[in-house]
Amino acid sequence: MDKGQSNSGTATATALTTDALRGLLQAGSGPERICQELAGIFRVSLTEIALLHLDDKVLRFLFPEELKAMGMIPLSSPSIAAHTAVSSEPELYNDFQRVKHASVFETVRLGKSASAGKPVQQAIQKIMSAAVANEGARVLGVIQVSRKGTEPSSAGPDF
């Protein structure tokens, strides 16, 4: 596990991400536009971004659209997203397949593969998870950026 890892590249990306998100939110952009911006910043596909909203004691997907109907993630669950929301601490795993996790959300076909019926389903190999908070530090949700592939070496560079 690479939890807590940081470097100057991560700090720069965080500053760019914060500025970009602030601008999009002030402009009234919706979840998809915000996720498009993040995908560009981190050079991942749109299907490698997830945005979840904290609703009472559960996280609900705002993006991707296909996961909205899949249910919710209770804050009491052992999921990375729930842990991130509860702790307010960012998490980074460049060896995500070694982390015990429920893969139910990974089985959902996203984006073009959802409608094209493509048989290749890629698993999350690397993931960053961060709480989204207001200026008062109240957690509003979680954003996750992942790199998917059939194996870690096919998923791109480490975060």
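Our structure's up above, just so we're on the same page.
This is a predicted model, so every value here is computed, not measured.

## Side note on helix α2 (residues 31-42)
Then, in step 1: Its 12 residues place the ends of α2 16 Å apart at the C-alpha level, agreeing with the 16 Å of an ideal helix rising 1.5 Å per residue.
Then, in step 2: Looking at α2, one finds that the buried residues are Ile-34, Cys-35, Leu-38, Ala-39 and Phe-42. Along α2, the residues classed as buried sweep out an arc of 140 degrees about the axis, all on the same side.
Then, in step 3: Among the residues trailing α2, Arg-43 stands out with phi positive, at a value near 55 degrees.

## Some remarks on the environment of Ala-82
Then, in step 1: With respect to the helices and strands, the residue Ala-82 is situated in helix α4 (residues 80-87).
Then, in step 2: Between the alpha carbons of Ala-82 and Leu-54 there is a distance of 9.4 Å; along the sequence they are 28 residues apart.
Then, in step 3: Ignoring sequence-local partners within four residues, the contact set of Ala-82 consists of Leu-59, Ile-73, Pro-74, Leu-75 and Ser-77.

## Looking at the nonpolar core
Then, in step 1: Leu-38, Phe-42, Val-44, Ile-49, Met-128 and Val-145 are the most contacted members of the largest nonpolar core, which has 14 residues in total.
Then, in step 2: For this core, the secondary structure elements donating two or more residues are α2, β1 (49-55) and β6 (139-149).
Then, in step 3: Take this core: its biggest share by element is five residues, from α2.
Then, in step 4: Ala-50, Leu-52, Leu-59 and Phe-61 belong to the second-largest nonpolar core, a separate cluster that totals 12 residues.

## Quick look at the sheet that holds strand β5 (residues 123-133)
Then, in step 1: Strand order across the open sheet formed by six strands is β3-β2-β1-β6-β5-β4, with antiparallel pairing between neighbours. Lying at the two open borders of the sheet, with one neighbouring strand each, are β3 (72-74) and β4 (91-93). Within this sheet the neighbouring strands show an average axis-to-axis angle of 25 degrees, counted without direction.
Then, in step 2: Pairing of β5 with β6, which is carried by 10 bridges, proceeds in the antiparallel orientation. Of the residues in β6, the one forming a bridge with Ala-131 is Val-142.
Then, in step 3: Of the strands in this sheet, β1, β2 (58-63), β5 and β6 are in contact with α2, which crosses β1 at around 135 degrees.
Then, in step 4: Across the sheet, α4 lies against β1, β2, β3, β4, β5 and β6, angled at about 145 degrees from β6, the strand it touches most.

About the thresholds
Residues numbered from 1 in each chain as written. Predicted model: local features only at pLDDT ≥ 70, side-chain atom pairs only at ≥ 80, totals over all residues. Heavy atoms only, no water. Helix = DSSP H or I, 4+ residues; strand = E, 2+ residues; numbered from the N terminus. Expected span 1.5 Å × (residues − 1). Buried < 20%, exposed > 50% of the residue type's maximum accessible area, 1.4 Å probe, protein only. Arc of directions from axis to C-beta. Contact = heavy atoms within 4.5 Å. Core = buried A, V, L, I, M, F, W, Y, C linked by side-chain atoms within 4.5 Å. Pairing = 2+ DSSP bridges. Axes fitted to C-alpha atoms, helices over the stretch in contact; angles between N-to-C directions.

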